[in-house]
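Structure at a glance
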Amino acid sequence: MNDLLHPCEVWAEPISLAAAGCLSPDEEAEARRHIETCPACRERFRQLAEVCGALAELRLPVGDEELAVVRRAASAVSSGEARRSAVEWIRRVLGRRPRESHGPVFRTQRPFDWRWIMRHPASFASAAVFLFVIGGVALWFHGGGTTPALADFITPILEAKTVKFKFVGEIDGRITMRGVVMVLAPSRGRVEQEEISTKSKSVEITSSFGGKSILLVPDKKLAVVNQPINAPRDEAAKNFLGVLRSYLLDARDKADVRREPLGEKEIDGRRAVGFRLSGRGLHDPGWVMSLWGDPQTGEPIRIEKTDLMCPGKKVTMSDFVFNLDLDESLFSLEVPTGYKIVNIQSDLSLPNEKSLIETFRQYGRLSGGIFPDTLNWHLILLQIVNQGPKKQAVRPKSEERQNVNRREMKRGGDALETLREKFVGELGYRGIGFAVDLPPEADAHYAGKGVKLGAADTPIFWYRPKDAKKYRVIYADLSVRESATPPHVPNAQPVPAPASPKI
Amino acid sequence: MDVHQDDQCELIGRAQAGEAAAFERLAEQHAARLWRGALALGRDRHWAEDLVQETLLEAWRSLPRFDGRCRFSTWLYGILRHRFLKGRRRHDAARPSAAAALEEDHLAAWLPDRCAEASEDARRVRQAVASLPEEHRLVVELRFFAGATLEEIAAALDCPLGTVKSRLHHALEKLRQMKLAVNLFAPSRETRESKP
């Protein structure tokens, strides 16, 4: 039998390659001539063709999302810098301390610090700054409306051609940033800001939400040009006046906006009346705001705002001036000559359940396979940025091994740092944003504290989508199943966590 | 994706002259192949993104040295392989715990969304491929999952074309034997139904 099979062994490889579609037409024709004359090879070819058919069905899908990755990379590369290089360069020129060149436990190093986070173009996009603070202005006019009529406040804000005010950013009571916001109706904005710890100054100018923006760092002659993708199609959301109207309408019409009087106090020598508002905004997962204003004029004196996603972070706005003269050149999106340009694209699409799963997955990679203790973005950032993962890499034993390991760790640190940057800049924020943006009727809960990534049949998050009868339950292996009832997990945390504002 | 050779030659020439738009167009033409190759090698979505980025960066810098002796896609796969090998050990070392966690079901981690929807047959096929020796597995994944040509695989794995053919043959033969042993690759429903 071996004698009979032996001649066919010559054809074994060509037949395999023919089944795999890897032969030239001539080579395949030759192989097929043999196949037609040899029953054993014909059967083998048939079986191989089935194998190859099954394999071909598993071709990796490439969708718009994947193609966008390549486009972005190509664009970043050809515009002078790869994205990671650009981000590293941004950090470097902004004065970040150089990372240690070696060290076996790179995962506990501090790849970022808060000033970098606050500076990160994607995590602290210019549009978000405007929405954050301007939302406060708009809501002031509703909140203050409990004294004068609401219409008295709507009219001036809608008719205002320009707005200017100061702001101070705090994290856990520590002032991190301060600056001035200017808005030229309907949609152009400018933020002049200073980072307190480094005294680094920068200017962000934006054309509209979802539109092009630039971040200028005059000291370093650096310009980060952001051309966002997947911006909302709602035209109202693309200009600041539209956003203001949305906030006003939400505050007027939505029953879930809570208003509590805070009484009176003196601010900067002026008598002020205060209110605490809480609710949800057009692009805001949930907020708590203290408003203090002049009851005589209806104008705001001070607005303090936190959001549910990052409870430790607070912005205080003051010194409001309306309808002042602002030169149009202040809002120019042209990069001044002599600036180094770095192009980026931030994703502004609305996050969904997949975003949250991706956040869990990537957090697990960064943390050593565990879930965050809570879905508080601030605390998650603290853990990722300051503390590193709970598990540490094993230290090498021998001197030689240690040197090799250090080099590898350094390179590994680069890869992990890239992931951290992505997590901080977009991946993490989007997923947590989806979770905390769920309405109360979704009955969302989180139970991932102490759970290991991959643990089967351990529910970590569940919620009921709008108009759905069943719950969507995400398990620790990141699978999703539906359930008529919510899982019973002691100490599961409601999401978003009940607000406990300290402002 | 079929790429018109003349168009591609012109684009390469313009990109070599430093025209960014031409390079972006080239990348666009090879985006699907590059992404699949990166994912097949990296087996991790985010590493694949890094590989794509690093490959394009190196391609942009090295483009003046591209002499057209091989297809552009083959050249690109060569760079991809270089980046893959360079980052491989550090990538694995960078996430010891997470890697272990993900390794338990690396296929799910590889294609999280689609994997959940995949049929049981597809899962078994993936597992069969994963059980192959690495040199065989990579050839199969690049050929079938990434859609690479034999020349591109040779560039990606930095081995002679004959070696790629031999590995592919042996890999397919092993998978065929698995199929015979446990009926791993069930015929498609249409095939089953057409049989008496």
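Parameters at a glance
Residues numbered from 1 in each chain as written. Chains lettered and ligands numbered in written order. Predicted model: local features only at pLDDT ≥ 70, side-chain atom pairs only at ≥ 80, totals over all residues. Helix = DSSP H or I, 4+ residues; strand = E, 2+ residues; numbered from the N terminus. Buried ≥ 20, exposed ≤ 12 C-beta atoms within 10 Å, placed from the backbone. Contact = placed C-beta atoms within 7 Å. Pairing = 2+ DSSP bridges. Axes fitted to C-alpha atoms, helices over the stretch in contact; angles between N-to-C directions. Parallel < 35°, antiparallel > 145°, perpendicular 65-115°, else oblique. Left-handed = near helix turned anticlockwise from the far one by under 90°. Nonpolar A, V, L, I, M, F, W, Y, C, P; charged D, E, K, R; others polar. Core = buried A, V, L, I, M, F, W, Y, C linked by C-beta atoms within 7 Å. pLDDT = per-residue confidence, 0-100. Expected span 1.5 Å × (residues − 1).

**Considerations on the overall build of chain A**
Scanning chain A from N- to C-terminus turns up 12 helices and 17 strands. Residue burial in chain A is summarised as follows: out of 503 residues, 44% are buried. When contacts within chain A are restricted to residue pairs at least 6 apart in sequence, those whose partners lie at least 24 apart make up 60%.

**A short note on the overall build of chain B**
Looking only at helices and strands, chain B features 13 helices and zero strands. Overall, chain B shows an N-to-C arrangement of helices and strands of α-α-α-α-α-α-α-α-α-α-α-α-α. Pairs at least 24 apart in sequence give 60% of the contacts found in chain B among residues at least 6 apart.

**Structural notes on the sheet that holds strand S17 (residues 493-494) of chain A**
Residues and elements named next belong to chain A. Reading across from one edge, S16-S15-S14-S13-S17 is the order of the five strands in this open sheet, with antiparallel pairing throughout. Whereas interior strands pair on both sides, the edge strands pair on one side only; in this sheet they are strand S16 (480-483) and S17. Judged from the two bridges that link them, strand S13 (residues 445-446) and strand S14 (residues 459-463) form a sheet pairing that is antiparallel. Looking at the pairing, Tyr 446 lines up with Phe 461 of S14.

**Some points on the packing of helix H3 (residues 31-42) of chain B against helix H10 (residues 134-145) of chain B**
Residues and elements named next belong to chain B. Following both chains from N to C, one finds H3 and H10 inclined at 155°, their axes separated by 9 Å at the closest point. Considered as vectors, H3 and H10 are oriented roughly antiparallel to each other. You can see that H3 and H10 cross each other, and the crossing is right-handed. Contacts from Arg 36, Gly 37 and Ala 40 in H3 reach Glu 141, Leu 142 and Phe 145 in H10. The class makeup of the residues in the contact of H3 with H10 is three nonpolar, one polar and two charged.

**Structural notes on the pairing of strand S1 (residues 162-171) of chain A**
Residues and elements named next belong to chain A. Direction of pairing for S1 relative to strand S2 (residues 174-184): antiparallel, over a ladder of 10 bridges. When the bridges of S2 are listed, Gly 169 appears paired with Met 177. Following S1, the chain reverses through two residues before pairing antiparallel with S2; Asp 172 in that reversal takes a positive phi of roughly 50°. Two strands pair when backbone bridges link them, and S1 and strand S11 (residues 313-322) are joined in this way by eight bridges, in the antiparallel orientation.

**Overview of the nonpolar core**
Counting residues in hydrophobic clusters, the biggest one holds 74 residues, and the most contacted among them are Trp35(B), Val52(B) and Leu80(B). Looking at this core, the element that brings in the most residues is helix H4 (residues 45-62) of chain B, giving eight residues. What Val52(B) contacts, discounting residues up to four positions off in sequence, is Val69(A), Val70(A), Ala73(A), Leu34(B), Trp35(B) and Ala38(B). Among the nonpolar cores identified, the runner-up in size contains 28 residues, and Leu375(A), Trp377(A), Phe461(A) and Ala476(A) belong to it.

**Points about unusual backbone geometry**
Even without being a glycine, Asn491(A) presents a positive backbone phi close to 65°. Mapping Asn491(A) onto the fold places it in the loop between S16 and S17. Although it is not a glycine, Asp158(B) sits at a positive phi angle of roughly 55°. Relative to the elements of secondary structure, Asp158(B) occurs in the loop between helix H11 (150-157) and helix H12 (161-182).

**A closer look at the environment of Leu375(A)**
Residues and elements named next belong to chain A. Checked against the element boundaries, Leu 375 lands in the loop between helix H10 (353-367) and helix H11 (377-387). Sequence separation of Leu 375 and Ala 447 is 72 residues, and the distance between their C-alpha atoms is 9.7 Å. The contact partners of Leu 375, leaving out residues within four places of it in the chain, are Ile 432, Ala 435, Val 436, Tyr 446 and Val 495.

**Thoughts on the pairing of strand S6 (residues 222-226) of chain A**
All names here are of chain A. Burial analysis of S6 places four of its five residues in the buried class, the great majority of the element. Pairing of strand S5 (residues 213-217) with S6, which is carried by five bridges, proceeds in the antiparallel orientation. Opposite Ser 213, over in S6, you have Asn 226 as the bridge partner. The hairpin formed by S5 and S6 contains four residues between the paired strands, and Lys 221 there has a positive phi angle of roughly 55°.

**Some words on the packing of H3(B) against H4(B)**
Residue and element names in this part refer to chain B. The N-to-C vectors of H3 and H4 enclose an angle of 125°; their axes lie 8 Å apart at closest approach. As summarised for this structure, H3 and H4 are arranged oblique, according to the angle between their axes. The two elements H3 and H4 meet at a crossing, and its hand is right-handed. Between H3, through Leu 34, Trp 35, Ala 38, Leu 39, Leu 41 and Gly 42, and H4, the contact on the second element is made entirely by Arg 45, Trp 47, Ala 48, Leu 51, Val 52 and Thr 55. Of the residues assigned to the contact of H3 with H4, the class counts are nine nonpolar, two polar and one charged.

**With respect to the confidence of the model for chain B**
Residues and elements named next belong to chain B. Per-chain confidence: chain B averages 74 in pLDDT, with 72% of residues scoring 70 or above. The spread of mean pLDDT over the elements of chain B runs between helix H6 (residues 96-103), the lowest at 36, and H10, the highest at 88. Within the model, pLDDT remains below 50 along residues 94-117, and this stretch shows 35 contacts once partners closer than five positions in the same chain are excluded. Here residues 186-196 scores under 50 on pLDDT; set against residues more than four positions off or in separate chains, the count is three contacts. Across the predicted assembly, pTM comes out at 0.42 and ipTM at 0.71.

**A word on H4(B)**
Compared with the 26 Å implied by 1.5 Å per residue over 18 residues, the 25 Å span of H4(B) between its first and last C-alpha is a close match. Across the 18 residues that make up H4(B), a large majority, 14, are buried.

**Some points on the confidence of the model for chain A**
Low pLDDT means the predicted coordinates in that region are not meant to be read closely. Residue and element names in this part refer to chain A. Scored by pLDDT, chain A comes out at a mean of 69, with 58% of its residues at no less than 70. Low pLDDT, under 50, characterises residues 1-5; the predicted model gives this stretch zero contacts beyond four residues in sequence or across chains. A low-confidence stretch, residues 235-241 stays under pLDDT 50, and its non-local contacts, those more than four residues away or across chains, total 27 contacts.

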